[in-house]
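# Observations on chain architecture
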Amino acid sequence: MGSLSIWHWLIVLLIVALVFGTKKLRNIGGDLGGAVKGFKESMRESDNPSATGDQRELPRNGAVDVEAKDKSRSNDYR
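All residue numbers refer to position in the chain's written sequence, counted from 1. In keeping with the model being predicted, local features are shown solely for residues with a pLDDT of at least 70 and side-chain atom pairs are shown and tallied solely at 80 or more, while totals for entire chains, interfaces and linings include all residues. For the side-chain quantities, the full set of heavy atoms in the structure was used; hydrogens and water were omitted.

Under this scheme, a helix contributes an axis fitted over its contacting stretch, all axes are lines through C-alpha atoms, and angles between N-to-C directions fall in the 0 to 180 degree range. Working definition: helices are DSSP H or I runs of at least four residues, strands are E runs of at least two. Numbering for both runs from the N terminus. In contact at an axis separation of 6 Å, helix 1 (residues 6-20) and helix 2 (residues 22-47) are set at 100 degrees when each is read in the N-to-C sense. In terms of orientation, helix 1 lies roughly perpendicular with respect to helix 2. On helix 2, the residues touching Val16, Ala17 and Phe20 of helix 1 are Thr22, Lys24 and Leu25. Polar here means any residue other than Ala, Val, Leu, Ile, Met, Phe, Trp, Tyr, Cys and Pro, which are nonpolar, and Asp, Glu, Lys and Arg, which are charged; Gly is therefore polar. Partitioning the contact of helix 1 with helix 2 into residue classes produces four nonpolar, one polar and one charged. Orientation is classified from the angle alone, with under 35 degrees giving roughly parallel, over 145 giving roughly antiparallel, 65 to 115 giving roughly perpendicular, and any other angle giving oblique. Residue contacts follow a heavy-atom distance rule, with two residues in contact if any of their heavy atoms lie within 4.5 Å.

Here the focus is a nonpolar patch on the surface. Within the patch definition used here, like charges are joined within 9 Å and nonpolar side chains (Val, Leu, Ile, Met, Phe, Trp, Tyr) within 5 Å, considering only residues with over 30% relative accessible area and no salt bridge. Computed with the Shrake-Rupley method and a 1.4 Å probe, the accessible areas treat only the protein chains shown as cover for residues. Think of a salt bridge as a Lys or Arg side-chain nitrogen and an Asp or Glu carboxyl oxygen that are within 4 Å of each other. Nonpolar side chains collect at one region of the surface, where Leu4, Ile6, Trp7, Trp9, Leu10, Ile11, Val12, Leu13, Ile15, Val16, Val19 and Phe20 lie side by side and expose about 1,200 Å² of accessible area between them. Topologically, Trp9 is positioned in helix 1.

Let us look at helix 1. For helix 1, which comprises 15 residues, the first-to-last C-alpha distance of 21 Å matches the rise-based estimate of 21 Å (1.5 Å per residue) to within 8%. Two residues or fewer after helix 1 comes Gly21, characterised by a positive phi angle close to 90 degrees. To estimate the expected span of a helix, subtract one from its residue number and multiply by 1.5 Å.

Encoded structure:
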C-alpha cells in the first residue's frame, strides 16, 4: 500500500462535501478557527497575567485546589 495520491484526496473531499454539504463544512471550519483563536488568546494571557488584571498567585508547590461535582446525580435519566 503506497501513499495516497492527489486524486484519492480529491475524491475523498468530494464525497465529504456531498455528505455534509458545503454550508455545514463552512460552519465547522469557522467553529474550529474560533476555537484555535480562543486557545491562542488564552495561552497569550497565561504568559502575561498582568495584562488580564488577574493578580492571584498560585501556591509555590504548584498545587491547585479544585472542587469536583458529582455529575451522576444531575444526569440520572432513570
